[in-house]
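This is what each chain is made of:
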Amino acid sequence: MAVLIASEFMPVSLLSPIAHDLGLTEGQAGQAIAISGIFAVLTSLFMTVLIGRLDRRVVLLGLTAVMIVSGTTVALAPNYLILMIGRALVGIAIGGFWSMSAATVMRLVPAESVPRGLAIIYGGNAVASAVAAPLGSFVGGLIGWRGAFFSVVPLAFVTLIWQAVTLPRLPVKEKATAGGMWALFRNRHFSIGMVAVMLAFMGQFTLFTYLRPFLEQVTGVGVSMLSGLLLVVGVAGFVGTSMVGRFLDGRLNATLAAVPLGMAVTALAMAWAGHFLGGMAVLLAAWGVLAAAGPVAWSTWLTRTVPDDAEAGGGLMVAIIQLGITVGATAGGMVFDSRGAIATFVGAFVILLLASAAAYAASHVHRRTAPGPITSAASAVEACRDC
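Residues numbered from 1 in each chain as written. Predicted model: local features only at pLDDT ≥ 70, side-chain atom pairs only at ≥ 80, totals over all residues. Heavy atoms only, no water.

The subject of this paragraph is the nonpolar core. Judged by nonpolar contacts, the single largest core of 115 residues is most densely connected at L215 and W287. Those residues within four positions of L215 in sequence are excluded, and the remaining contacts are G220, V221, L226, L229, M280 and L284. (Core = buried A, V, L, I, M, F, W, Y, C linked by side-chain atoms within 4.5 Å. Buried < 20%, exposed > 50% of the residue type's maximum accessible area, 1.4 Å probe, protein only. Contact = heavy atoms within 4.5 Å.)

Turning to the pattern of salt bridges, a few remarks are in order. Summed over all chains, the structure comprises 3 salt bridges. A salt bridge links D55 to R169; the nearest nitrogen and oxygen atoms lie 3.5 Å apart. With D55 in the loop between α4 (31-51) and α5 (56-75) and R169 in the loop between α8 (152-166) and α9 (178-182), this residue pair connects regions lying 114 residues apart in the sequence. Note on R169: relative accessible area 62%, which makes it exposed. (Salt bridge = Lys/Arg side-chain N within 4 Å of Asp/Glu carboxyl O. Helix = DSSP H or I, 4+ residues; strand = E, 2+ residues; numbered from the N terminus.)

By the element assignment, V58 lies in helix α5. For the pair formed by V58 and Q163, sequence separation is 105 residues and the distance between their alpha carbons is 9.9 Å.

With that settled, the discussion passes to the confidence of the model for the protein. Averaged over all residues, the pLDDT of the protein equals 81, while 84% of them reach at least 70. Across residues 368-387, confidence stays below pLDDT 50; counting only partners more than four residues off in sequence or on other chains, it has 32 contacts. (pLDDT = per-residue confidence, 0-100.)

Put into structure tokens, the structure is as follows:
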């Protein structure tokens, strides 16, 4: 999972050299993230239905192979079209892995170890987020953006071998249906929560996709300082992932609304204080903590909202997240090219405020209409053994 996340977010720190080499604007280069989001959406929506009862071990190995092909294609891309094809392939891997992650962990470990298993997944996510952007910037400065992308390929190949050796067979007894997945939207709590998820990730990536150009053009940093600032975001993200669990027991709904609200305030402060290097470093640390806490909180919310449909609910949530990322990266690129960096960050502020309001609305509906909370991880695991 860490290798996949590194591949997904590598373009964030390499937008400027990609744009320069291929003759693009930063906004056009930012669509390298948007296109991966589109294909992640399509994959997460339809993969469970398309693969039917196919052994999930085979599926996971196939997705890792797709990731290898993607990294190689992007590294060798001679033009914009091939670049987009390579990024579309990593989108397929993203959608497949994330939609199956919670259900796979539930089937691989005993009930009492599920929280630890999920924590390991998000720990890998946090590590990748911590190193992908600064390492991509640093390696790109040494051997170019193509070399930075290709450096992920050997790691993905090692991952493929490790999976082949360690993963057991993961057969599935019942075939999922598209109707069963879409039926989840009959739950008002789930539906409003999905709106909040989409807005949260839309606002996050309206800003984050164009962080490097903002730091270069507004803050005025060079490559070495840029790598240091991106490392601040990553390390803070690791801290956020480690700390958020303390706030989820009994305060999940408050956390879901507070995280995008805090990110909104941080985005507005960046737009105002973007010229001040010290202030930006502090704000980037705050952004990293909040951005990493959000996915953990929403995954916890999912397990408590639709425990009997972990794979279907996970697929829908991944689709919604990737849709938010895609729309955010696309809209952010349009605003960046037409109105500039500061306007892009102000736009992220507005979207994140809406996300906070939607998260509050979802918790309000839950208090009035939802059934009682899940009392143990075991019930969710048993419900998902055959999903």
